Amino acid sequence: MRMSIRKVKKYLLVTALCCLLGSSVGVNAAHAEGSASYNYSFWNDTTPAPAAYEATSLLNGAQLGVGPFKNPSDIHVTADKEIYVLDSGNNRIVVLDEHFKPVKVVDSFDHKGKKDTFNNPQGIFVTNRKELFIADTGNKRVVHLDSNLRVAGVLEAPKSDLLQANFDFQPVRVVVDTAQRIYVMSTGVFDGFMEFNPDGAFTSFIGANRVTVDPVELFWKRMSTQAQRSQMVMFTPTEFTNLDMDDEGFIYATSGDYSNNPIKKLNAQGNDILRRTGYLSLVGDIRYSKDVGPSRLIDIDVTDSEMYSVLDSKRGRIFTYSGDGHLMYIFGGLGNQMGQFNTPAAIERVGDDFLVLDKAFGEITVFQTTAYGRMLNEAVRSYYRGDEEKAFDLYQQAINMNANLEFAYSGVGKALLRKGDYKGAMQYFKESYDQVNYSKAYLLYRKEVMREYFPAVMTGLIVLAAALLLFKKLRKRMRRQGGVTIES
């Protein structure tokens, strides 16, 4: 009887523990689904965080005096803070100044002496010379307009041995580098982005996603007949969902494959060179409920100091990362309140402010930084510029406002490392679980200690060795004298 009671007690204890763990996991997942201000710890747990951004205004076409937006799909901000809104449903481009005042509306252009219009355009890019590149999806072309809105070129379906004979050119996004090379994202293309030279000739594909293969599925595919294989899913790379270009000409891209690095930074050869030295995977939300699923990243915006932000269409969240791959802050969400969206489509920055385009509502939400957000942005910038003193102070202030922000401890450690305070850096790297930089600081600290104490230690060893040698000589001399001692 005693044994049976013991077993029952053990069973109840184990059941209670399982329920407790399950409820905590559920709370974490729910926290990631519903809370606007949170981050993730080194252990992938959601932790509360101060709000880095807050919604301050909501803009629509009627308020701006240009008529309602209809299914707007893209937005671009130039270096001088002009805002280009691609109003796809109305086949036009609305240009605003930095104060959100209308400058002009582009709904047609002169093409070979005739008036031409857009047809459901999906992507826009504006160069520093105010030249416009529009992915005119419905017309299956990319339109290049000069600064006077005259046609400078048109990219249509290219002819190449790299393309299938029945290739259907449907451009949806476009960017241009400083050398005037044009990169186009086209629907149904799995080989990466299409690269065109400044003359508009197609040259190659760049940056194709790698294929993720299930070993079990691959085994059965090899064991199957040709007829059976034809009914199975093909192993094809995932399509990109969007792209942006930084000031140095590197392409930042997002894809819908959560399990295969959905954020990439591509060099001229198409190689992914994104730094991933943070303690979290660069995938958006780390924790999520099964009914909603993982994040689907649909847009990316790159700003100065290698900071970049991605937009998650599943929850309407914006995730901002530092150049080293640390998650800085999260904001946004889905809903009907201020700062939430129905169908988020694109993000852009105007200075440190964020613009988020909602396709279904036809609205632009303006987000401005809080004191906490400004502090983090400036801390990352200071470290990037090499201003260790300022970075150290700002990261310390960030820690005071959010003790759960582990990457800020690493930021303090890096600032101390650059200043030569290796022992102090080790302490902060330990707090942030930054093993790589802790090892680096430890090696430098060990060398510093060796340099400091090496002369004294070596002098002591030499004196000790000389004393031992002298003692041995005296001992030998005394033995030769037969152990005779001299009495006074």
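Residues numbered from 1 in each chain as written. Predicted model: local features only at pLDDT ≥ 70, side-chain atom pairs only at ≥ 80, totals over all residues. Heavy atoms only, no water.

A. Layout of the overall build of the chain. Looking only at helices and strands, the chain has nine helices and 27 strands in total. Per-residue burial for the chain yields a buried fraction of 46% across its 488 residues. Sequence-distant contacts in the chain: of pairs separated by 6 or more residues, those separated by 24 or more amount to 47%. (Helix = DSSP H or I, 4+ residues; strand = E, 2+ residues; numbered from the N terminus. Buried < 20%, exposed > 50% of the residue type's maximum accessible area, 1.4 Å probe, protein only. Contact = heavy atoms within 4.5 Å.)

B. Structural view of the pattern of salt bridges. Considering all chains together, one arrives at 25 salt bridges under this definition. Across the pair Glu 378 and Lys 390 runs a salt bridge, and its minimum N-O distance is 3.4 Å. Separated by twelve residues along the polypeptide, Glu 378 in helix 5 (residues 371-385) and Lys 390 in helix 6 (residues 388-401) bring together distant segments of the chain. For Glu 378, a relative accessible area of 21% puts it in the partly exposed group. (Salt bridge = Lys/Arg side-chain N within 4 Å of Asp/Glu carboxyl O.)

C. Local environment of the sheet that holds strand 18 (residues 240-245). An order of 18-19-20 is seen for the three strands of this open sheet, with the pairing classed as antiparallel. Each edge of the open sheet is held by one strand with a lone partner, namely strand 18 and strand 20 (263-266). Across the sheet, the mean angle separating the axes of adjacent strands is 25 degrees when strand polarity is ignored. The pairing of strand 19 (residues 251-255) with strand 20 spans four bridges and is antiparallel. Bridging from a neighbouring strand, Ile 251 pairs with Leu 266 of strand 20. (Pairing = 2+ DSSP bridges. Axes fitted to C-alpha atoms, helices over the stretch in contact; angles between N-to-C directions.)

D. Up close: the environment of Asn 139. Along the chain, Asn 139 turns up in the loop between strand 11 (132-136) and strand 12 (141-145). Judged by its relative accessible area of 31%, Asn 139 falls in the partly exposed class. Separated by 17 residues in the primary sequence, Asn 139 and Glu 156 place their C-alpha atoms 8.9 Å from one another. Ignoring sequence-local partners within four residues, the contact set of Asn 139 consists of Thr 117, Phe 118 and Asn 119.

E. Representation of the packing of aromatic side chains in the model. Using the criterion set out here, one finds 22 aromatic pairs in the structure. Their ring planes at 80 degrees and their centres at 5.6 Å tell us that Tyr 258 and Tyr 288 sit as a pair that is edge-to-face. Taken as a pair, Tyr 258 in the loop between strand 19 and strand 20 and Tyr 288 in the loop between strand 20 and strand 21 (297-302) lie far apart in primary sequence, 30 residues in all. For Tyr 288, a relative accessible area of 32% translates into the label partly exposed. Pairwise contacts between aromatic rings join Tyr 53, Tyr 329, Phe 331, Phe 341, Phe 354 and Phe 367 into one cluster. Its guanidinium or amino end placed over the ring of Tyr 383, Arg 418 lies 4.1 Å from that ring's centre, counting from NZ or CZ. (Phe/Tyr/Trp six-rings, centres within 6.5 Å; stacked < 30°, edge-to-face > 60°. Lys NZ or Arg CZ within 6 Å of the ring centre and 35° of its normal.)

F. Molecular detail of a nonpolar patch on the surface. On the surface, Met 450, Tyr 453, Phe 454, Val 457, Met 458, Leu 461 and Ile 462 cluster together into a nonpolar patch covering about 690 Å² of accessible area. Note that Met 458 resides in helix 9 (residues 435-480). Overall, the relative accessible area of 32% leaves Met 458 in the partly exposed class. (Patch = residues over 30% accessible without salt bridge, like charges linked within 9 Å, V, L, I, M, F, W, Y side chains within 5 Å. Areas by Shrake-Rupley, 256 points an atom, 1.4 Å probe, with all protein chains shown as cover.)

G. Broad picture of the sheet that holds strand 22 (residues 308-312). Read from one edge to the other, the open sheet built from four strands follows the order 21-22-23-24, with strand pairing classed as antiparallel. Two strands in the sheet have a free side with no partner beyond their single neighbour: strand 21 and strand 24 (327-332). For this sheet the average axis-to-axis angle between neighbouring strands, irrespective of direction, equals 20 degrees. Where strand 21 and strand 22 come together, five bridges link them in antiparallel fashion. Paired with Asp 301 across the two strands is Ser 309, which belongs to strand 22.

H. Here's a closer look at the packing of helix 7 (residues 406-419) against helix 9. Where helix 7 meets helix 9, the closest approach of the two axes is 11 Å, and the angle between their N-to-C directions is 25 degrees. Compared by their axis directions, helix 7 and helix 9 come out roughly parallel. Crossing angle aside, the handedness with which helix 7 passes helix 9 is left-handed. Residues Ser 410, Lys 414 and Leu 417 of helix 7 pack against Asn 437, Lys 440, Ala 441 and Leu 444 of helix 9. By residue class, the composition of the contact of helix 7 with helix 9 is three nonpolar, two polar and two charged. (Parallel < 35°, antiparallel > 145°, perpendicular 65-115°, else oblique. Left-handed = near helix turned anticlockwise from the far one by under 90°. Nonpolar A, V, L, I, M, F, W, Y, C, P; charged D, E, K, R; others polar.)

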